[in-house]
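# Residue-level structural notes
So you can see what is in the structure, the chains are spelled out below.
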Amino acid sequence: MRFSSLGSLDHSKQVIMGFLHTWPSAWLLLSLTCVDHLVPLPLDRDSLMEKELSMLTGGNIVLDADEDRANQMLMKLKQEEVIETTRMGTFPPSIHFFRAKSIIDQSTVFSYLKRMPKGAALHLHDSTMVNVDWLVKEASYLPDCYICFGNADKVLFKFARPPPVGPPPPDCSDWVLLASYRKQLNDVTAFDDSLVRKLTLVTENPEEAYPTQSSIWTKFKSSLQAAIGIISFAPVFKRYFYEGLKELYEDNVQYLELRAKLTPIYELNGTVHDRAWTLQAYKDVAKQFVSEHPDFMGVKIIYTFERNKDVTFAKEAIEAAILLKAQFPETLAGFDVSMHEDGGNPTWYFKDALEIPASKGVDLPFFFHAGETNWQGTPTDGNVLDAILLNTSRIGHGFAILKHPVALELSRKMDIPLEICPVSNQVLMLVSDLRNHPASVLMAQGHPVVIGNDNPPFFGSKGLSYDFYEVFMGIGGMKSDLKTLKQLALNSLKYSTMPSEMKAKATEIWHKKWKMFVGEFSDSYLRTDL
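Quick summary incoming for the structure in this document. (Residues numbered from 1 in each chain as written. Predicted model: local features only at pLDDT ≥ 70, side-chain atom pairs only at ≥ 80, totals over all residues. Heavy atoms only, no water.)

The subject of this paragraph is the sheet that holds strand β1 (residues 119–125). What the 4 strands build is an open sheet, ordered β1-β5-β8-β9; its pairing is parallel. The open sheet terminates on both sides in strands that have one partner only, identified here as β1 and β9 (332–338). Ignoring which end each strand starts from, the neighbouring axes of this sheet average 25° apart. Of the strand pairs in this sheet, β1 and strand β5 (residues 253–260) are connected by 5 bridges, and their pairing is parallel. Bridge pairing in β5 places Gly119 opposite Val253. (Pairing = 2+ DSSP bridges. Helix = DSSP H or I, 4+ residues; strand = E, 2+ residues; numbered from the N terminus. Axes fitted to C-alpha atoms, helices over the stretch in contact; angles between N-to-C directions.)

This part takes up a nonpolar patch on the surface. A cluster of nonpolar residues, Val406, Leu410 and Met414, forms a patch on the protein surface that exposes about 250 Å² of accessible area. Within the element layout of this structure, Val406 appears in helix α18 (residues 405–413). (Patch = residues over 30% accessible without salt bridge, like charges linked within 9 Å, V, L, I, M, F, W, Y side chains within 5 Å. Areas by Shrake-Rupley, 256 points an atom, 1.4 Å probe, with all protein chains shown as cover. Salt bridge = Lys/Arg side-chain N within 4 Å of Asp/Glu carboxyl O.)

The subject of this paragraph is the sheet that holds strand β12 (residues 418–420). The strand order across the open sheet formed by 4 strands is β10-β11-β12-β13, and the pairing between neighbours is parallel. Here the strands that pair on one side only, and so sit at the sheet edges, are β10 (369–370) and β13 (449–451). With 2 bridges joining them, β10 and strand β11 (residues 395–397) adopt parallel strand pairing. Bridge pairing in β11 places His369 opposite Gly396.

One pass over the full model with this rule turns up 1 disulfide. Paired by a disulfide, Cys148 and Cys172 hold their sulfur atoms 2.0 Å apart. Since a negative S-S torsion denotes a left-handed disulfide, the Cys148-Cys172 link at about 105° is right-handed. One end of the pair, Cys148, is in strand β2 (residues 145–149); the other, Cys172, is in the loop between β3 (155–159) and β4 (176–177), and 24 residues separate them in sequence. Look at Cys172 and you get buried, because its relative accessible area is 13%. Free cysteine: Cys145, not disulfide-bonded; nearest cysteine sulfur from Cys148 at 11 Å. Residue class for Cys145 comes out buried when judged on its relative accessible area of 2%. (Disulfide = S-S within 2.5 Å. Buried < 20%, exposed > 50% of the residue type's maximum accessible area, 1.4 Å probe, protein only.)

In structure tokens:
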């Protein structure tokens, strides 16, 4: 800013001060500092840039010598990759993930991010944990698995002995024993590959396959319904959950908070287990996994129900959650309302149900999905403010929060983090170029955020590394560096629901893993002529 004369300085200060009252507090602090030193000359550009850098996510972290060497190498690799992919028109965050994934897989930056300790996965759903190849090529080969074929890409699965009786589900063929069906095929591999496609959203031409958000959500729900038929079979269920933990662990994630609908789990004889059985199964499998992987800290469950339900269902779910919280205090973290926000009821619709815990003096934390929409001024859009009013601990997605300055400021002051899921937001058609993701603004201001992966197998993704890559390369811009990555990983532990002692242990383990990770970078740096 430049002033032509000293006489205009006071008026300019008044104009600026009036404008700054509308800014978030962090900017206000910066601006007040600048206003106090206004002179009829250009402001100190270097100081302003330094101030901006300090506000970035991780901006106040001080790197040690090893971290600094690793950061130099990482940023060199990042710059080279940005230049090359931009030249080729293939910069991954700017193109659809279905096309970008093969490019990311070849990225040197990505190869390092896969080895980075990421802390906790705080936004992941129960029926979309495991690579779909495992469901098709392992679980569906178990005995007594039946399939029925519906219209278009629809398929359903069911385990049964004796064979299922009665009419098949609507718009579906008769149930067929999958083992017998495969024996009649000339190319079983091609058939299995076709099943994988039916259970994911992945396609070569996403813009043609999904011209609208409604169309991709229709496909999402169809794939989910098919997957649940396999996952909800008791012998598969426990193996599936263990496999999901293994995938996270191999991606250097050390703790999980899982959104789970606690879907009824069934046996061959027709027995259907209740929610308590399912929660106990989660607890048992997690305990087994931790015993075999002592540096993995465990699992907590966030019980969710879908927002297309009515208030009566919501009240029953809340009452069930209260009982489950009492029965499994160390396993059940809290409660959420999930699924397609634009296609279901707004959070405030369930207000009477959601106020039940407080009316009973029960501590049932909330972790609401909110603002996963492009709309402004709609009931769905208002979910971000309602989530805060209803005392949410974290905000799932929060894509629309920049359109709600009050919610934005409250979430900052109340230290309520947003769970950012970049791959999901792009695939589900909220943003096409991830450089334009709202989180770019949030991270520039140091707003509390954590990185989630939402439904990775449906997107052809796996673990947390792809989402970290999209954040590091695209959303965070060219200034995001090792400090940014370090802060994001530490945020995931800080904003988890682990008790303080467990959180301290997890953080200690993470620091040891981080030191080893940085050491690899430092060694590479010393062997490389930079």
